[in-house]
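# Report on the structure
Spelled out from the first residue to the last, the chains are:
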Amino acid sequence: MNKVVIATSNKHKVKEINTFLSSHKMDSVGLNEFDPIEPPVEDAETFLGNAELKALYYSKKLEMTVMADDSGLCVNALKGAPGVRSSRFASENASDEENNNYLLEQLSDQKDRRAYFQCVIALCLPEAKRIIFFVGKCEGVILNELQGAKGFGYDPLFLPDGASKTFAEMTSQEKNKISHRGIALGGVEKFLTFQF
Ligand code: IMP
């Protein structure tokens, strides 16, 4: 099977993707194993647009099969925000802690705490000859306080439907079983199994 490049510098995403791929005996390589590449500007208005532009960009540079993830949190009471701005919700270079506190502030007088994570993975075959999209969604609620120390981003505030713990209280394996990224990766796995 060809090696797949995981085109993200987010080490938490890399960990989740690697956990998935290695448990499915699939070979991957991270961007850190190549000479540094200036990342593209993620200026699309949709998850799909950003995933597409990242996958095309790195596939052209590396001439390999590339997988790029774009994902974020969409909150009902905030009309789908922060969405594609999830990593920059509180401010341009906000930390996870600042984003989580800002989210709690925004929802302080809200009864509707429903939200979902969305993930789009774009898989681009070498020379951009073909690009395929895989999507995953995970619904749940935003808690009133942080719970758990694993994971990243909004994990400590997100309680998935049917779960008794937040994403931040789960191992990568547990999270992958139900998460937006795990669901999208399931599609990638099926596709790659038949392709190579
Ligand atoms: P991206 O790297 O531009 O796709 O930004 C993704 C942002 O969405 C992250 O920085 C997090 O704030 C949020 N996010 C995406 N996936 C997750 C997840 O699985 N858990 C928690 N936050 C996530």
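Now for a look at the structure at hand. (Residues numbered from 1 in each chain as written. Predicted model: local features only at pLDDT ≥ 70, side-chain atom pairs only at ≥ 80, totals over all residues. Heavy atoms only, no water.)

### Description of the overall build of the protein
For the record, the criterion: Helix numbering and strand numbering both begin at the N terminus, where a helix is a DSSP run of H or I of at least 4 residues and a strand a DSSP run of E of at least 2. Only C-alpha atoms enter the radius of gyration, while the globule expectation follows 2.2 Å times N to the 0.38, with N the number of residues. Note on classification: 1.4 Å probe, protein chains only; a residue is buried when its accessible area is under 20% of the maximum for its type, exposed when over 50%, partly exposed between these limits. Note on contacts: a residue pair qualifies if any of its non-hydrogen atoms lie within 4.5 Å across the two residues. Each accessible area is a Shrake-Rupley estimate made with a 1.4 Å probe; only the visible protein chains count as cover when residues are assessed. Only four residue types enter the tally: Lys and Arg on the positive side, Asp and Glu on the negative side; His and the chain ends are excluded. In this description, the location of a charge corresponds to atom NZ of lysine, CZ of arginine, CG of aspartate or CD of glutamate.
The helix and strand tally for the protein stands at 5 helices and 6 strands. Start at the N end of the protein and walk to the C end: the helices and strands fall as β-α-β-α-β-α-β-β-β-α-α. A compact globule built from 196 residues would reach a C-alpha radius of gyration of about 16 Å, and the protein, at 17 Å, matches this within 12%. Taken over the C-alpha atoms alone, the protein extends approximately 50 × 30 × 25 Å along its principal axes. Buried residues in the protein amount to 47% of all 196 residues. Sequence-distant contacts, at least 24 apart, represent 59% of the contacts inside the protein between residues at least 6 apart. Total accessible area on the protein stands at roughly 10100 Å², and carbon and sulfur atoms take up 49% of it. In the protein, 23 positive and 27 negative side-chain charges are present, and the distance between their average locations comes to 5 Å.

### Looking at the site of the ligand
Just so we agree on the cut-off: If a single non-hydrogen atom of a residue is within 4 Å of a molecule or strand, that residue counts as near it. Nitrogen and oxygen atoms within 3.5 Å of one another constitute a polar contact, given that in protein one can donate a hydrogen and the other can accept it, and given that sequence-neighbouring residues count only through two side-chain atoms. Using only the protein atoms, space was sampled on a 1 Å grid; points where a 1.4 Å probe fits but cannot get out form cavities, open sets with protein on both sides within 12 Å along at least five of seven lines form pockets, and lining residues are those with an atom within 4 Å of a point. Pocket occupancy is defined atom-wise: a molecule lies in a cavity or pocket when more than half of its atoms are within 2 Å of its grid points.
Close contacts around the ligand come from 15 residues, with Lys13, Asp155, Lys175, His180 and Arg181 the closest. Take Lys13: an N or O atom from its side chain is 2.7 Å from an oxygen atom of the ligand. Burial of the ligand by the protein chains amounts to 92% of its free accessible area of 490 Å². Counting atoms within 2 Å of the grid points, the majority share of the ligand lands in the largest pocket. Breaking the shell around the ligand down by element, the ones donating at least two residues are strand E3 (65–75) and helix H5 (180–195).

### Some remarks on unusual backbone geometry
In the segment running from Ala81 into Pro82, the intervening peptide bond is cis, with an omega of 0 degrees. On the secondary structure map, Pro82 appears in the loop between E3 and helix H3 (96–106). The backbone phi angle of Glu63 is positive, close to 55 degrees, even though this residue is not glycine. Locating Glu63 in the fold gives a position in the loop between helix H2 (47–62) and E3. With a phi angle near 55 degrees, Lys79 is a residue other than glycine that sits in the positive phi range. Tracing the backbone shows Lys79 in the loop between E3 and H3. Overall, the relative accessible area of 81% leaves Lys79 in the exposed class.

### Regarding the side chain of His180
With respect to the helices, strands and loops of the structure, His180 is situated in helix H5. Leaving out residues up to four positions away in the same chain, His180 has contacts with Ser71, Phe117, Gln118, Cys119, Gly136, Lys137, Cys138 and Phe167.

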